[in-house]
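Letter by letter, the chains look like this.
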Amino acid sequence: MTGRIAGKTALITGAASGIGLGCAYRLAEEGANVMLTDIQVDEGEAAAAYINEIGGNARFLSHDVTSEEQWEAAIAATCEAFGSLDILVNNAGIGIAASIIEMSLADWQRQQAINLDGVFLGLKHGIRQMKDNGGGSIINISSVAGLKGSATLAAYCATKGGVRLLTKGVALECAANRWNIRVNSVHPGIIDTPIWTKVANPGLLSDGANTIDPDELAANGAPTGRAGKPLDIANGVLFLACDESSYMTGSELVIDAGLSA
Ligand code: NAP
């Protein structure tokens with residue numbers, strides 16, 4: 001295999017859909033062995049099979065990022081399949097939109113558990129492994145909502161702002177310990193993925209349907225007027241994964257068509 005990350009091994013969470021799936025394709029295209037993980041099993045298995053069909057090297061594992069036990073199993077399975085863990089993309093996430101005076105504690109906690117606890121667990125167990133195999137690169141998917149507030153998305157903003165500063169703190173710890181592990185965050189703007197069909201946000205919708213059209217949202221909200229594609233984010237993730245970014249750690253890579261400018 002040739003490519004910018006040939007022979008490296010990447011674990012990508014939430015890889016059955018959207019941005020995670022785009023990252024799996026792009027990292028595989030550049031020569032990495034990819035372990036796709038997700039709670040969507042059929043879609044994840046189909047994605048891994050497709051990558052293998054087109055000449056890549058992929059596996060899929062059912063993995064809920066809120067479970068510490070499943071994190072340990074996912075990292076062990078990755079090392080068993082491919083021999084090491086060099087790149088970790090903490091991507092799995094959900095968006096629950098609601099007014100802060102309407103949001104249930106259960107929804108607040110579910111979103112925190114997936115978007116923030118899941119990243120914490122990935123960092124904890126990913127770094128333990130990477131330390132032992134000579135280093136690596138960890139990319140945490142935050143959001144523009146981790147840089148600025150958004151009405152009715154305050155709870156989501158709290159998780160993504162948490163990911164942003166968790167990234168910086170852990171990057172400094174890795175640097176201070178000379179673990180040779182870089183940790184950076186990526187901040188997507190409005191990207192056309194299935195997440196927009198799952199954001200429960202009746203207050204923003206005229207017909208009450210649980211779907212938001214990202215093109216419409218971007219036409220009105222993004223400075224360039226268009227929604228991004230998963231590949232726009234995957235290219236940034238690839239850059240942070242490979243040695244071209246070797247002097248970057250604790251950084252935030254904003255890929256948002258100027259939304260936060
Ligand atoms: P997506 O298409 O919904 O993909 C996310 C994947 O993660 C789905 O397959 C989802 O499964 C899975 N997932 C949910 N809970 C999980 C859990 N507990 N453990 C493992 N996997 C789980 O969303 P996306 O747009 O690609 O989002 C990927 C990341 O980018 C998220 O962190 C999101 O917050 C961030 N982001 C997205 C945008 C955007 O505009 N799309 C912008 C900024 C940031 P289910 O379908 O069953 O939930």
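Predicted model, so just to flag it, every value in this text is computed and none were measured.

Caption draft 1: Summary view of helix 1 (residues 18-29). In a regular helix each residue adds 1.5 Å, so twelve residues correspond to 16 Å; helix 1 covers 17 Å between its end C-alpha atoms and thus fits that length. Here helix 1 lies mainly inside the structure; ten of its twelve residues are buried. All of the buried residues along helix 1 are Gly18, Ile19, Gly20, Leu21, Gly22, Cys23, Ala24, Arg26, Leu27 and Ala28. Packed against the buried residues of helix 1 are strand 1 (9-13), strand 2 (33-38), helix 2 (41-53), strand 4 (87-90), strand 6 (181-188) and helix 7 (230-241). Of the residues trailing helix 1, Gly31 is marked for its positive phi of about 100 degrees.

Caption draft 2: Broad picture of the site of the ligand. Around the ligand, the surrounding shell holds 29 residues, and the nearest of these are Ser17, Ile19, Tyr156, Thr193 and Lys198. Residue Ile19 places a main-chain N or O atom 2.8 Å away from an oxygen atom belonging to the ligand. Between the ligand and the protein, one listed contact pairs an oxygen atom with a side-chain N or O atom of Gln40 at 2.9 Å. Contact with the protein chains hides 93% of the accessible area of the ligand, taken as 880 Å² for the molecule alone. Elements with a minimum of two residues in the shell around the ligand: helix 1 and helix 5 (154-176). Residue classes in the shell around the ligand are distributed as 14 nonpolar, eleven polar and four charged.

Caption draft 3: Region of the structure containing the confidence of the model for the protein chain. Mean pLDDT over the protein chain works out to 95, with 96% of the residues at or above the 70 mark. This stretch, residues 202-206, has a pLDDT under 50; its non-local contacts, to residues over four places away or in other chains, come to four contacts.

Caption draft 4: Structural context of unusual backbone geometry. Non-glycine residue Thr152 carries a positive phi angle of around 70 degrees. Secondary-structure assignment places Thr152 in the loop between strand 5 (136-141) and helix 5. With relative accessibility at 28%, the residue Thr152 sits in the partly exposed group. For Arg178, which is not a glycine, the phi torsion comes out positive at approximately 55 degrees. Structurally, Arg178 can be placed in the loop between helix 5 and strand 6. Arg178 gets classed as exposed once you look at its relative accessible area, which sits at 71%.

Caption draft 5: Summary view of the pattern of salt bridges. A full pass over the atoms with the stated rule returns eight salt bridges. The closest approach of N and O atoms between Glu252 and Arg164, which form a salt bridge, is 2.7 Å. Note that Glu252 is positioned in strand 7 (residues 252-255) and Arg164 in helix 5, a separation of 88 residues in sequence. The shortest N-O distance in the salt bridge between Arg226 and Asp232 comes to 3.9 Å. We classify Asp232 as partly exposed; its relative accessible area is 29%. Several salt bridges converge on common partners, so that one network encompasses Arg26, Glu29 and Glu30.

How each quantity is defined
- Residues numbered from 1 in each chain as written.
- Predicted model: local features only at pLDDT ≥ 70, side-chain atom pairs only at ≥ 80, totals over all residues.
- Heavy atoms only, no water.
- Helix = DSSP H or I, 4+ residues; strand = E, 2+ residues; numbered from the N terminus.
- Expected span 1.5 Å × (residues − 1).
- Buried < 20%, exposed > 50% of the residue type's maximum accessible area, 1.4 Å probe, protein only.
- Contact = heavy atoms within 4.5 Å.
- Near = heavy atom within 4 Å.
- Polar contact = N/O pair within 3.5 Å; in protein donor to acceptor, adjacent residues only side chain to side chain.
- Areas by Shrake-Rupley, 256 points an atom, 1.4 Å probe, with all protein chains shown as cover.
- Nonpolar A, V, L, I, M, F, W, Y, C, P; charged D, E, K, R; others polar.
- pLDDT = per-residue confidence, 0-100.
- Salt bridge = Lys/Arg side-chain N within 4 Å of Asp/Glu carboxyl O.

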